[in-house]
Amino acid sequence: MDEKYKVIKTFKDLEDNEHVYIANKDIYPRDGLEPTKKRVKELTSNKNKIGETLIEKLEENIKE
């Protein structure tokens, strides 16, 4: 997956061995994870168990 997302609300990813993503710190997905388009859609909307948008698409590529 080439697209990266900023975590805007801390959450535990139930589809990634309960990995915790920290708001304003972590980038989704973490290295080694290939989420489905459906999962990304859930996390970028309120159509998830928390009922809030959890990630938003980064506008620029991050260089580390």
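Up top is the structure these notes are about.
Rules and cut-offs
Throughout, a residue's number is its position along its own chain's written sequence, starting from 1. Local features in this predicted model are restricted to residues of pLDDT 70 or higher, and side-chain atom pairs are both shown and tallied only at a pLDDT of 80 or more, whereas totals for entire chains, interfaces and linings draw on every residue. As a convention, hydrogens and water are excluded, and side-chain values are obtained from all of the structure's heavy atoms. Two aromatic rings, drawn from Phe, Tyr or Trp (for Trp, its six-membered ring), form a pair once their centres lie within 6.5 Å of each other, and the interplanar angle then sorts them: stacked below 30 degrees, edge-to-face above 60, tilted otherwise. Per the convention used, a helix needs a DSSP run of H or I reaching at least four residues, while a strand needs a run of E reaching at least two, with both numbered from the N terminus. Throughout this description, buried means an accessible area under 20% of the type-specific maximum (1.4 Å probe, protein chains only), exposed means over 50%, and partly exposed covers the range between. Within this document, salt bridges are pairs made up of a side-chain nitrogen of Lys or Arg and a carboxyl oxygen of Asp or Glu, the two lying within 4 Å of each other.

## A few points about the packing of aromatic side chains
Move 1: Taken as a whole, this structure holds three aromatic pairs when the rule is applied.
Move 2: On the basis of an interplanar angle of 15 degrees and a centroid distance of 5.2 Å, the ring pair of F11 and Y21 is categorised as stacked. One end of the pair, F11, is in strand β2 (residues 11-13); the other, Y21, is in strand β3 (residues 19-21), and ten residues separate them in sequence.
Move 3: For Y21, a relative accessible area of 0% translates into the label buried.
Move 4: An aromatic cluster of three or more residues is present, and its members are F11, Y21 and Y28.

## With respect to the pattern of salt bridges
Pairs can form between side chains of opposite charge once their charged atoms are near each other.
Move 1: One pass over the full model with this rule turns up six salt bridges.
Move 2: Between K9 and E52 there is a salt bridge, and its shortest N-O distance comes to 3.8 Å. With K9 in the loop between β1 (5-7) and β2 and E52 in the loop between α1 (37-43) and β5 (55-57), the pair connects residues that are 43 residues apart, well separated along the chain.
Move 3: With relative accessibility at 30%, the residue K9 sits in the partly exposed group.
Move 4: The partner of R30 in a salt bridge is D16, and the shortest N-O contact between them spans 2.8 Å. Here the residue R30 occupies a position in the loop between β4 (27-28) and α1, and D16 occupies one in the loop between β2 and β3, the gap between them amounting to 14 residues.
Move 5: For R30, a relative accessible area of 33% translates into the label partly exposed.
Move 6: One salt-bridge network, held together by shared partners, links D13, E15, R39 and E42.

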